[in-house]
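Observations on chain architecture
The lines below spell out each chain.
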Amino acid sequence: MTVTIVGSQLGDEGKGGVVDLYGDAADVVARYQGGDNAGHTVVYDDETYKLSLVPSGAVRGKIGVLGNGCVVNPETLFDELDQLRERGLEPDVRVGERAHVILPYHRVLDGIEEDEKADLAAGTTKRGIGPTYEDKMGRRGIRIGDLLEPAVLRERLEYVVPQKRALAESVFGVTLEGDAERAFDVDHLFETYRDYGERLADEGMTVDCGTFLQERIDDGENVLLEGAQGTSIDIDHGIYPYVTSSNPTAGAAAVGTGLGPTVVGQGEVIGIVKAYLSRVGTGPLPTELGGVEGQTPEYDGHSGDDAEEELATYIRDEGGEYGTVTGRPRRVGWLDIPMLRHAARASGFTGLAVNHIDVLAGLEEVKVGHSYEFDGEEIFTVPPTTEKWGRCEATYRTFDGWPDVDWDAVADEGYEAIPENARTYLEYLADELDAPLYAIGVGPSREATVVLESPYDG
Ligand code: GDP
Ligand code: IMO
Ligand code: MG
């Protein structure tokens, strides 16, 4: 059977940890969308692994697959595999031949377009994700399978690269120099990417993803489908245009692997919820606390409410909500229930994993945005346009806070050991989303999890 893991908010909900938890009973862990814009954390034996492309199951010896719906930067892939090997692991990762390749010009163009977009910029990771999906849809992309056939690779590059160069130089007026120049050099690209193709072939890494996974399922094996990003940055269901360029929602788990929707639908779809909100990027966030300059719309350094700013800093510090590379503060806020109702519907959650309840411990009260006031009406889900979402004001419900406790002991003892007020909060959430609680994260490691349901056990 399959279990699909979906981010229900804005990314970084702790999906990597839940994949690690439930991946234990899986044989294969496959990603179905996104690329090295992701950052999934697995904490194992006091070691922390941050994976941007390799599926999280690879840390514990599962076969990892990058599905056809992914965009793959071979440079990142091999770097990450080499790093895992240096740390004593033996990752076994396969790549779907239909997956699209991120080329250096995609990264350069991602940077150029972000600068050009100014207020419309999503604040992308500049990994070339959007430009690669654009080329996929524009039918001028290069796929993993093409790297294995030099004549095809050469033909595709000769068609597409001059267009990309013209876009950079003539449309955006950029002077290409050094590495940026080489990113648009057909001969250089051909040689480099043909070599990546040879390495993929030599290491037996390429697969026909759908067939590979279906055969495993037919043999009775368990497959875990690892979503990246989150519902509110989904290209269709998120805060467009401040979104990523793929579908993190569960429908893509079928399209992005080649398994049928009926196969994915017979399994479980688990929504991963962070107990508060964190966001890297711009766009409306009705339950935001305080703000971050350059990301929170119309925020100029202070919300005018000292207590709220203090609370935001507290949650940010407790949750470590600072960019791993840049150190920049992330936006934070109270849980947004309309956002979660929207996510639960879009992916059809059969269960919930709620992380980070330990981060909120010690607060006197914990709030949630229960509904929105929108143009004088109370609404319970997210409106379809970002401009309408920006006009929504959250209507709050307040819960009594819970104390900081020995969370490792709580994880050992089980659900009843979670402080009562936290359980009230969790049960409210399960009621509102009409989905049962499967796991509660009380710390970063797999052991710091209260497990209520193990989906593969039936
Ligand atoms: P992902 O992108 O959804 O996989 O999440 P990230 O790995 O980017 O961010 C989640 C962060 O929170 C990581 O540093 C995790 O180790 C950590 N984390 C996950 N679950 C919990 C939890 O329940 N409590 C705490 N305190 N940290 C957690
Ligand atoms: P994981 O899998 C949080 C955000 C970026 C930006 C927008 C578009 O770790 O949860 P992109 O480079 O994808 O074109 O950027 O999406 N973003 C994420 N935010 N977690 C992620 O992944 C993200 N991947 C992309 O910050 O706003
Ligand atoms: Mg992340």
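Residues numbered from 1 in each chain as written. Chains lettered and ligands numbered in written order. Predicted model: local features only at pLDDT ≥ 70, side-chain atom pairs only at ≥ 80, totals over all residues. Heavy atoms only, no water.

Describing the sheet that holds strand E13 (residues 288–289)
Across the sheet, 3 strands lie side by side as E12-E14-E13; this open sheet has antiparallel pairing. Every interior strand has two partners, whereas the edge strands, strand E12 (277–279) and E13, have only one. With 2 bridges joining them, E13 and strand E14 (residues 331–333) adopt antiparallel strand pairing. Paired with Leu289 across the two strands is Val332, which belongs to E14. (Pairing = 2+ DSSP bridges. Helix = DSSP H or I, 4+ residues; strand = E, 2+ residues; numbered from the N terminus.)

Details of the coordination of the magnesium ion (ligand 3)
Around the magnesium ion (ligand 3), the protein supplies Asp12 (OD) and Gly39 (O) as donor atoms, at distances of 2.0 to 2.2 Å. Taken together, the residues span a long stretch of sequence, with Asp12 in the loop between strand E1 (2–7) and helix H1 (15–23) and Gly39 in the loop between strand E2 (28–31) and strand E3 (40–44) at a distance of 27 residues. (Donors = N, O, S within 2.8 Å, 3.2 Å for Na, K, Ca; no water.)

Side note on the site of ligand 2
Around ligand 2 sit 20 residues, and of these Asp12, Lys15, His40, Thr125 and Thr244 come closest. With respect to ligand 2, the backbone of Gly39 contributes an N or O atom lying 2.9 Å from an oxygen atom. At 2.9 Å from an oxygen atom of ligand 2 is found a main-chain nitrogen or oxygen belonging to Ala122. Class assignment of the residues belonging to the shell around ligand 2 gives a composition of 7 nonpolar, 10 polar and 3 charged. (Near = heavy atom within 4 Å. Polar contact = N/O pair within 3.5 Å; in protein donor to acceptor, adjacent residues only side chain to side chain. Nonpolar A, V, L, I, M, F, W, Y, C, P; charged D, E, K, R; others polar.)

Focus: the packing of aromatic side chains
Evaluated as defined, the whole model comprises 6 aromatic pairs. A ring pair is formed by Tyr105 and Phe184, whose centres lie 6.2 Å apart and whose planes are at 40°; its orientation type is tilted. On the criterion of sequence distance, the pair formed by Tyr105 in helix H3 (residues 104–117) and Phe184 in the loop between helix H7 (179–182) and helix H8 (186–202) is long-range, its members being 79 residues apart. A relative accessible area of 2% places Phe184 in the buried class. With a centroid separation of 5.2 Å and 50° between ring planes, the pair formed by Trp402 and Tyr425 is classed as tilted. Pair noted here: Trp402 is in the loop between strand E19 (393–400) and helix H15 (407–413) and Tyr425 is in helix H16 (residues 420–433), with a separation of 23 residues, a long-range link. Of the two residues, Trp402 and Tyr425, both sit in the buried class. Feature note: the residues Phe399, Trp402, Tyr425 and Tyr428 constitute an aromatic cluster, connected by ring pairs. Stacked on the ring of Phe190, the Lys or Arg Arg154 has its end atom at 4.9 Å from the ring centre. Just above the ring of Tyr396 sits the side chain of Lys367; from NZ or CZ to the centre is 5.8 Å. (Phe/Tyr/Trp six-rings, centres within 6.5 Å; stacked < 30°, edge-to-face > 60°. Buried < 20%, exposed > 50% of the residue type's maximum accessible area, 1.4 Å probe, protein only. Lys NZ or Arg CZ within 6 Å of the ring centre and 35° of its normal.)

Here we look at the side chain of Arg423
Relative to the assigned elements, Arg423 resides in helix H16. What makes Arg423 buried here is its relative accessible area of 17%. Not counting chain neighbours up to four residues away, the residues in contact with Arg423 comprise Tyr415, Glu416 and Ile418. (Contact = heavy atoms within 4.5 Å.)

As for the packing of H3 against helix H4 (residues 129–137)
Taken N-terminus to C-terminus, the directions of H3 and H4 make an angle of 115°; their axes are 7 Å apart at the nearest point. By the angle between their directions, the pair H3 and H4 is classed as roughly perpendicular. Between H3 and H4 lies a crossing whose hand is right-handed. When H3 is examined against H4, the residues Tyr105, His106, Leu109, Asp110 and Glu113 are found in contact with a partner set consisting of Ile129, Pro131, Thr132, Glu134 and Asp135. Within the contact of H3 with H4, the residues separate by chemical class into 4 nonpolar, 2 polar and 4 charged. (Axes fitted to C-alpha atoms, helices over the stretch in contact; angles between N-to-C directions. Parallel < 35°, antiparallel > 145°, perpendicular 65-115°, else oblique. Left-handed = near helix turned anticlockwise from the far one by under 90°.)

Observations regarding the site of ligand 1
Around ligand 1, 16 residues are found, and the nearest of them are Lys15, Gly39, Thr41, His356 and Asp358. Here an oxygen atom of ligand 1 sits 2.8 Å away from a polar atom, N or O, in the main chain of Gly39. In the model, an oxygen atom of ligand 1 is placed 3.1 Å from a nitrogen or oxygen of the Gly441 main chain. In isolation ligand 1 exposes 590 Å². Once the protein is present, 86% of that is buried. Partitioning the shell around ligand 1 into residue classes produces 3 nonpolar, 9 polar and 4 charged. When residues of the shell around ligand 1 are assigned to domains, at least three map to each of domain 1 (2–95 + 207–271) and domain 3 (274–457). (Areas by Shrake-Rupley, 256 points an atom, 1.4 Å probe, with all protein chains shown as cover. Domains from an automatic or database assignment.)

Section: the sheet that holds strand E16 (residues 351–355)
Strand order in the open sheet formed by 10 strands is E9-E7-E5-E2-E10-E1-E11-E16-E20-E21, with mixed pairing between adjacent strands. Each having just a single partner strand, strand E9 (206–207) and strand E21 (449–451) make up the two edges of the open sheet. Where strand E11 (residues 268–274) meets E16, 5 bridges bridge the pair, whose relative direction is parallel. The residue of E16 that forms the bridge with Val273 is Val354.

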